[in-house]
Amino acid sequence: MQTRAIDVHDDAQLRRFHEIGWRAEMEDGRPWNTFQSFEEMAVALREPSPGQRSDALGIFDGDRMVGGGLAWLSLDDNLDKAFVFPAVEPDLRGRGVGGALLEALVEHVGGLGRTEVMSGASYRFEEREDSRAQRFAAAHGFAPANLEVVRQLPLPVPDPLLDEIDAEVAAHAAGYEVRTFVDDLPDELLESYCFLVNQLALDAPTGELEFEEEAFTPEAFRHEAARDRKVGRTVLRSLAVRDGEAVAHSDLLVRPHGTRAVQWATLVHRDHRGHRLGAAVKVANLRRLQRERPYLTEVVTQNAEVNAQMIGINARLGFEPVALVPEFLRRL
């Protein structure tokens, strides 16, 4: 077998790469997983965001691609780190393909100067002590460094519950305005929104993983928003605003197909905590989502197992835990 970079502008190669990833994530008995469409993957790899690099590697048996892996790196921050995601279709596992691919990905990012390599995979709660993913990671020098939980929320959330939470927020959030936007943000809020996004790696629990502040910029936001529109993705963003700046945000992704929304980050500026703003922006987003996308049946999210504050909000809304997602680390 041989591992090499694939030509992301070759539709046939990229479709095979996407097929491998889709089957690895979505067709092996893990229904909580999400995976991007071919169109989403194509635009992400062909039009990378400023400050980011994504490299696609395929492992070939003769002319046939039998595994595909992605290496993701930031070019502006956390320059010691890389994320790698190897994928092998369920019926091709157990033949050494995944291990060879993972080692190739590690060698690739090591050659780019990265010394901390991270990866992850989800599995059921009953596999907490012993899962195939854990055994595979350990065999290749990866140790568990953080543990997250996947949670699902059936839709619609009853309006009386949303009203009740909003009433509780009102008693603590005087002086804050919650505003919801679809796909884009006004220029006057973009800088403060990017500041919040950049704090997530510092403020969210990450176990033994240590990150520096990220460097997401308004330019990168505009680029990603344009890519989303190009492939039909919708992002709902609810912001808590005070004195003309965003001080809390919650983002929801809606893909062009399917009945599931994906809860992205929710963060409250550390100087504005204690006002129930996390709940406020989540409720505002859910109201907009349910009004404009009534066909959706669930929201899926992921949080660190020890993130008690966010877990409490999610539990109040009705999110139920469905799977574990360990984050593995290998130091080079």
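Thresholds applied
- The numbering scheme is per chain: residues are counted from 1 as the chain's sequence reads.
- In view of the model being predicted, local features appear only for residues whose pLDDT reaches at least 70, and side-chain atom pairs are presented and counted only at 80 or more, with totals across whole chains, interfaces and linings using the full set of residues.
- Note: side-chain values were computed over all heavy atoms of the structure, leaving out hydrogens and water.
- UniProt positions are given in the numbering used here, feature names are shortened, and annotations may be inferred rather than shown by experiment.
- Under the scheme used here, helices are H or I runs from DSSP no shorter than 4 residues and strands are E runs no shorter than 2 residues, and both carry numbers assigned from the N terminus.
- Classification of residues uses two cut-offs on accessible area relative to the type maximum, computed with a 1.4 Å probe and protein chains only: under 20% is buried, over 50% is exposed, and between them is partly exposed.
- Contacts are assigned to residue pairs that have any heavy atoms within 4.5 Å of one another.
- To estimate how far a helix should extend, the number of its residues minus one is multiplied by 1.5 Å.
- By arc we mean the arc of the directions from the helix axis to the C-beta atoms, nothing more.
- Note on aromatic pairs: the rings of Phe, Tyr and Trp (six-membered ring only in Trp) are paired at centre separations within 6.5 Å, and the planes decide the class, stacked below 30 degrees, edge-to-face beyond 60, tilted for the rest.
- Axis geometry follows a simple rule: fit a line to the C-alpha atoms, using only the stretch in contact for helices, then measure angles between N-to-C directions, giving values from 0 to 180 degrees.
- By definition in this entry, angles of less than 35 degrees are roughly parallel, angles greater than 145 are roughly antiparallel, angles of 65 to 115 are roughly perpendicular, and the rest are oblique.
- What makes a crossing left-handed is the near helix being turned counterclockwise from the far one by less than a right angle; a clockwise turn instead makes it right-handed.
- Just so you know the grouping, Ala, Val, Leu, Ile, Met, Phe, Trp, Tyr, Cys and Pro go in nonpolar, Asp, Glu, Lys and Arg go in charged, and all remaining residues, Gly too, go in polar.
- By this definition, two strands are paired if DSSP reports at least two bridges between them.
- The set of buried Ala, Val, Leu, Ile, Met, Phe, Trp, Tyr and Cys residues whose side-chain atoms join them within 4.5 Å is what this entry labels a nonpolar core.

**Quick look at the UniProt feature "domain: N-acetyltransferase" (unreviewed entry) in the protein**
As recorded in UniProt, the feature "domain: N-acetyltransferase" (unreviewed entry) lies at residues 1-168 and 195-332. Here residues 195-332 is 36% helix and 34% strand, with 31 Å between the C-alpha atoms at its ends.

**Things to note about the environment of L267**
Mapping L267 onto the fold places it in strand β10 (residues 260-268). A residue is classified by how much of its surface remains accessible, and L267, at 7% relative accessible area, is buried. Sequence separation between L267 and F211 is 56 residues; the distance between their C-alpha atoms is 16 Å.

**A look at the environment of A87**
Tracing the chain through its elements places A87 in strand β4 (residues 81-87). For the pair formed by A87 and E25, sequence separation is 62 residues and the distance between their alpha carbons is 8.0 Å. Apart from residues lying up to four places away in sequence, A87 is in contact with I20, G21, A24, G67, G68 and L101.

**Here's the deal with helix α7 (residues 218-231)**
Three or four residues apart is the spacing at which side chains of an α-helix point the same way, because the helix has 3.6 residues per turn. Under the 1.5 Å per step criterion, the end-to-end length of α7 is 20 Å for 14 residues, consistent within 8% with the ideal 20 Å. For α7, the complete set of buried residues consists of A220, F221, A225, R227, D228 and V231. Each buried residue of α7 sits inside an arc of 160° when the element is viewed along its axis, so together they form one side. Pointing more than 90 degrees away from the buried face of α7 are the exposed residues E219 and K230. On its buried side, α7 packs onto α2 (38-46), α6 (187-203) and β8 (234-242). One or two positions beyond α7, positive phi appears at G232, with a value near 80°.

**Topic: the packing of aromatic side chains**
For the coordinates displayed, the defined rule picks out 3 aromatic pairs. Considering the side-chain rings of W22 and F35, the 6.2 Å spacing of their centres and the 75° angle between planes classify their relative orientation as edge-to-face. Taken together, the residues span a long stretch of sequence, with W22 in helix α1 (residues 11-26) and F35 in the loop between α1 and α2 at a distance of 13 residues. Its relative accessible area of 18% is what places F35 among the buried residues.

**Some thoughts on the packing of helix α8 (residues 277-292) against helix α9 (residues 308-317)**
Running from N to C, α8 and α9 point in directions that differ by 40°, and their axes come no closer than 10 Å. Classified by the interaxial angle, the pair formed by α8 and α9 is oblique. Crossing of α8 against α9: the hand is right-handed. Each of G278, A279, K282, V283 and L286 in α8 lies in contact with α9, whose residues at this interface are M310, I313, N314 and L317. For the contact of α8 with α9, the per-class residue count stands at 6 nonpolar, 2 polar and 1 charged.

**A short note on the sheet that holds strand β11 (residues 298-304)**
Read from one edge to the other, the open sheet built from 12 strands follows the order β1-β2-β3-β4-β5-β12-β6-β11-β10-β9-β8-β7, with strand pairing classed as mixed. For this open sheet the edge positions go to β1 (2-5) and β7 (177-182), each flanked by a neighbour on one side alone. Going from strand to strand, the sheet's axes swing by 25° on average, the running direction of each strand aside. Here strand β5 (residues 116-120) pairs with strand β12 (residues 320-331) via 5 bridges, running antiparallel.

**Here's the deal with the nonpolar core**
L155, L277, L286, L289, V299 and L317 are the most contacted members of the largest nonpolar core, which has 30 residues in total. At the level of elements, α5 (159-170), β8, β9 (245-254), β10, α8 and α9 are the ones that each hand at least two residues to this core. Sorting elements by how many residues they give to this core places α8 first, with 7 residues. Contacts of L317, omitting those with residues within four sequence positions, involve L153, V157, L161, L162, I165, K282, V283 and L286. Formed by 19 residues, the second largest nonpolar core is a distinct cluster that contains L57, L73, A137 and F328.

**As for the packing of α5 against α8**
Helix-helix packing is characterised by the crossing angle of the two axes and by the distance between the axes. Orientation of α5 relative to α8, taken along the N-to-C sense of each, is 150°, at an axis distance of 10 Å. In terms of orientation, α5 and α8 fall into the roughly antiparallel class. Crossing handedness for the pair α5 and α8: left-handed. On α8, the residues that touch D159, L162, D163, I165, D166 and V169 of α5 are A279, A280, V283, L286, R287 and Q290.

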